Amino acid sequence: MDLTVGPNFFFWEAETIRSFYRDLAATPVARVALGELVCSKRLPFWRDEIPAAIEVLQAAGKEVALTTLALLTLRRERKITADLMDLDLPVEVNDLSALVQIPEGRHFWVGPLVNVYNEGTLRWLIRRGARRICLPPELTLDSVAVLAGAGRDEGVPVEVWGHGRLPLAISARCYHARLHDRAKDSCQFVCGKDPDGRDVDTMDGQQFLTVNGVQTLSQSTASMALKIDDLHSAGVAALRLSPQSRNFDDICIAYASRLARETSGAALAARLRPLVPGGNLSDGFLSGPAGAAWSGERMGKPN
Amino acid sequence: MTAPLPRLPRPLRLAALPLPLPPLSLFLGAVTRRMSKSHPEMIRRLGDYAGHRFLIDPVDLPWLLLLHPANATMTAHRRARPPAHDARIAGSLSAFLAMMHGAEDGDALFFSRDLSVEGDTAAVLALRNAVDDAELDLTEEVAALSGPLAAPLRGLLGGAERATGLTLHRMTRLDDFA
Amino acid sequence: MMELVCPAGTPAALRAAVEAGAHAVYCGFADETNARNFPGLNFTPEDMAEAVAFAHARGAKVLVAINTFPRAGAEPLWHRALANAEAAGADAVILADIGLLAHAAERHPLLRRHLSVQAAAANPDAINLYANAFGVRRVVLPRVLTVQEIAAINREIDVETEVFVFGGLCVMAEGRCSLSSYATGKSPNMNGVCSPASHVAYSEEGGELAARLGGFTIHRTPEGEPAPYPTLCKGCFSSDGQTGHIFEDPVSLDATQLIPELARAGASALKIEGRQRSRAYVAQVVRTFRAAVEAQAAGQPMPENMLARLTEGQKATIGAYAKTWR
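An account of the accompanying structure is given in this report.

Calculation criteria
Residues numbered from 1 in each chain as written. Chains lettered and ligands numbered in written order. Predicted model: local features only at pLDDT ≥ 70, side-chain atom pairs only at ≥ 80, totals over all residues. Helix = DSSP H or I, 4+ residues; strand = E, 2+ residues; numbered from the N terminus. Buried ≥ 20, exposed ≤ 12 C-beta atoms within 10 Å, placed from the backbone. Contact = placed C-beta atoms within 7 Å. Nonpolar A, V, L, I, M, F, W, Y, C, P; charged D, E, K, R; others polar. Pairing = 2+ DSSP bridges. Axes fitted to C-alpha atoms, helices over the stretch in contact; angles between N-to-C directions. Arc of directions from axis to C-beta. Core = buried A, V, L, I, M, F, W, Y, C linked by C-beta atoms within 7 Å. Domains from an automatic or database assignment. Parallel < 35°, antiparallel > 145°, perpendicular 65-115°, else oblique.

Take the overall build of chain B next. When you go through chain B residue by residue, the secondary structure sums to eight helices and five strands. Listed by position from the N terminus, the elements making up chain B come as α-α-α-β-β-β-β-α-α-β-α-α-α. The burial tally for chain B puts 42% of its 178 residues in the buried class.

Written as structure tokens, this is what we have:
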């Protein structure tokens, strides 16, 4: 098993992005998917950083892929998707409709926002050209094992969500704008104020969700720290780590250390907890009872 | 229906009061057994929930009713001593009758707080769906009964629907929903 | 006339819908193969065959929803559902999963395939992809599109479109939402349920009714006020000092007044949501909308709203059909 870094979900400044990818190049991750996944309105502000990011990562020996948007609705977003084909890099599909822009025979990745729940779907995507598939975070360990096995039979690596606030839902409505009493069209980019998303609690003060533009995330940070052996046995090829605004390099190094068996799952979890926004970890999608659950010792703030 | 649900009128309420529980339970048991027999698919639909105990609380009557579908029993209990149960549904008698007979939608009655639920919500849902599909008819069931209470109740039901506005028989597709 | 597609959670509701004037009824089997897998609801294969016979005898169609995503290692359950639907004489199946669509196209080529809203096909490219790859003949459009977008989509596709006109609103891209399984472990995609009753708990606390889902508080309603079901995305939450319905208000959709515009936008069919509702709901709603589509076909104005009592929150909205919703 090795490490993939997924696309950053949040709206960061160009400078922040530049130093993020520069620092990431020095970590032991194998590959990086990058690009704008959440909102095409953000793209003009940071697209100029993309070539530099690709360069610095490739120079460090990392494979790079470019992601599509997660929810393609506007006509101009078709052009954005088409432009991704220009560079000779794998494209990671996070909205199925992007497939129409990918010529037959050209290989692509499938991201965690595409519904790959069963062997039939997995094989159809592989026949169409998928060469790496990241499964939806919602899947149970049993499903992961079946799919990783089916992928292995076809020679295609299957990855799972390894770390990060979970992408739970996506909408045409912008919840960030709504919180500021605006509509998506006149949002004034308020999502930029929250580099790890804006927290949403229940009326009883329970930490619940986080909004990031049109995306709804878990407030807890999912982590497979305690599940590495299970995932290895299941045949998973890589863990996907999802960027957060701070401490991400340390997080990558910590997971690499765990994969190299230099540390235990519990030690990794203890190391991660103070480094994640909100300080709460979860891994309940994999083995129950619910996504928000944590299979380890409950410490720190109550959820 | 946009008109508010009818409340049980005083004469009917008072008539219900002095009725001792054992005969009432016997009568309810007979009705429930008959309904189960003539609607076997209702029990099938309930699945695992058939073994649950549903406490029906008609707030405008002095007793509580405990329904146990698997045993096809319904017993009456004093309000002061509610029996053990898995779920409790409370509401006016007219709300229950309207829902049972397909005159009103259960969710709508819940939104408007005419009905409230406590305990195992999934069990209540299963019961509501099973009853809705069964297209029950209280008047029909009572008409088929015999015994000392049957005749007076038939008489009561006949005039009661007109007088009280309570839904006492199954609404068919031809009925006009106001 | 636009085709009126109506929900049936039970055989009794199906009969009520057909008798009230439904052109087509949609329903599912009593297992996780459909996205309304609630206790006490849905059809056995025998129920389905009887229902199809009843509907066909009255000139109505039956569409079978097999719209969840088959579980890895358990695909045969979904394959059997397809076979049972075809054997029962269903007029079409409503599917969302790629693997299942591929299987249906190959093994049941004569069984008409509709694309479920669970496939979240929100643009012409997505719709054409499914049409070309799997021979889909109709697509149920996501509830998050504006009327203008619907018109634009219809200009670029060849398949029929079916749009929601009444009932529960889903504000997230459907078939791509794990909110419910985050809180409860049960999801629309995998189990066919959202915000399942099995994980709902009500409790009277200090003059308010607290409604919780999977332990998370979704609503607190003062005594006397209408009590919404704790559907996750309709809850009342707080964020940095603001409290309210952060995602969506607990209202439901009533787009009766937009029917003429939807017709002009090229929609062939109108869909009423509500398989989990009673036969009383179905009869009233279907009757009202049948009158509306007949009025539309005759160029007459739409009837005024008569369905307030049946809608969640007892308020209705035209939802995303108006652009300001975003």
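The next subject is the interface of chain B and chain C. Tallying the contact residues gives 31 residues for chain B and 29 residues for chain C. Secondary structure elements with two or more residues in the side of chain B that touches chain C: α3 (40-46), α5 (106-111), β5 (115-119) and α6 (121-134) of chain B. Counted by class, the side of chain B that touches chain C contains 14 nonpolar, seven polar and 10 charged residues.

Right, let's get into the interface of chain C and chain A. With 52 residues of chain C in contact, the opposing surface of chain A contributes 52 residues. Listed by contribution, the elements that provide at least two residues to the side of chain C that touches chain A are α4 (98-107), α5 (124-134), α7 (179-184), α8 (188-191), β10 (216-222), β11 (237-239) and β12 (242-244) of chain C. Looking at side-chain class alone, the side of chain C that touches chain A contains 25 nonpolar, 19 polar and eight charged residues.

Residues and elements named next belong to chain C. Looking at where M2 falls in the secondary structure, it is placed in the segment before β1 (3-7). Separated by 292 residues in the primary sequence, M2 and E294 place their C-alpha atoms 8.4 Å from one another. Setting aside its immediate chain neighbours within four residues, M2 contacts A263, A267, S268, A269, L270, V293 and Q296.

The buried fraction of helix α1 (residues 11-20) of chain C is high, at nine of 10 residues. Of the positions making up α1(C), those classed as buried are P11(C), A12(C), A13(C), L14(C), R15(C), A16(C), A17(C), V18(C) and A20(C). Tucked inside the fold, the buried residues of α1(C) contact α6 of chain B together with β1, β2 (24-27), α2 (45-57) and α10 (279-297) of chain C. Positive phi shows up at G21(C), right after α1(C), with a value of about 110°.

Residues and elements named next belong to chain B. Pairing within the open sheet is mixed, and its five strands lie in the order β3-β2-β1-β4-β5. Across the chains shown, the open sheet's two edge strands, defined by having one partner strand only, are β3 (73-78) and β5. Neighbour-to-neighbour, the strand axes of this sheet turn through a mean angle of 20°, independent of strand direction. In the packing of helix α2 (residues 21-38) onto the sheet, the strands contacted are β2 (63-68) and β3, and the crossing angle to β3 comes to about 155°. Contacts from α6 reach β1 (54-58), β4 (87-91) and β5 within the one sheet, and its direction differs from that of β4 by about 65°.

Residues and elements named next belong to chain C. Across the sheet, three strands lie side by side as β8-β9-β10; this open sheet has antiparallel pairing. Strand pairing shows two members of the sheet lacking a second neighbour, β8 (200-205) and β10, which therefore form its edges. For this sheet, the mean inter-axis angle between neighbouring strands, taken without regard to orientation, is 20°. Bridge count for β8 against strand β9 (residues 208-213) is six bridges, and the pairing is antiparallel. By the bridge assignment, E204 is partnered in β9 with L209.

Residue and element names in this part refer to chain A. Along helix α10 (residues 265-272), the positions that sit buried rather than exposed are L268, A269 and L272. Axial view of α10: buried residues confined to an arc of 100°, hence all on one face. Where α10 is buried, its residues touch β10 (215-223), α9 (248-259) and β12 (281-282).

Residue and element names in this part refer to chain C. A17, V25, V64, I66, Y130, L270 and V282 are the most contacted members of the largest nonpolar core, which has 269 residues in total. Two domains each donate at least three residues to this core, and these are domain 1 (3-169 + 251-325) and domain 2 (179-244). Apart from residues no more than four positions distant in its own chain, I66 is found in contact with T33, N34, W78, A81, L82, A85, V93, I94, L95 and L100.

So, about the pairing of β10(A). All names here are of chain A. With nine of nine residues buried, β10 is to be regarded as a mostly interior element. The pairing of strand β7 (residues 158-170) with β10 spans six bridges and is antiparallel. Paired with P167 across the two strands is L217, which belongs to β10. Between the end of strand β9 (residues 207-212) and the start of β10, which pair antiparallel, lie two residues, with G213 showing a positive phi angle near 65°.

To continue, consider the environment of S203(C). Along the chain, S203(C) turns up in strand β8. S203(C) sits 104 residues away from L307(C) along the chain, and the two C-alpha atoms are 29 Å apart.

Before going further, it helps to spend a moment on the packing of helix α5 (residues 119-128) of chain A against α4(C). Direction vectors running N to C along α5(A) and α4(C) enclose 85°, while the axes themselves pass 6 Å from each other. By the angle class used here, α5(A) and α4(C) are roughly perpendicular. For the pair formed by α5(A) and α4(C), the contact residues are E119(A), G120(A), T121(A) and W124(A) on the first element and I98(C), G99(C), L100(C), A102(C) and H103(C) on the second. Residues of the contact of α5(A) with α4(C), tallied by class, amount to four nonpolar, four polar and one charged.

No statement about biological role is implied by the geometric values presented.
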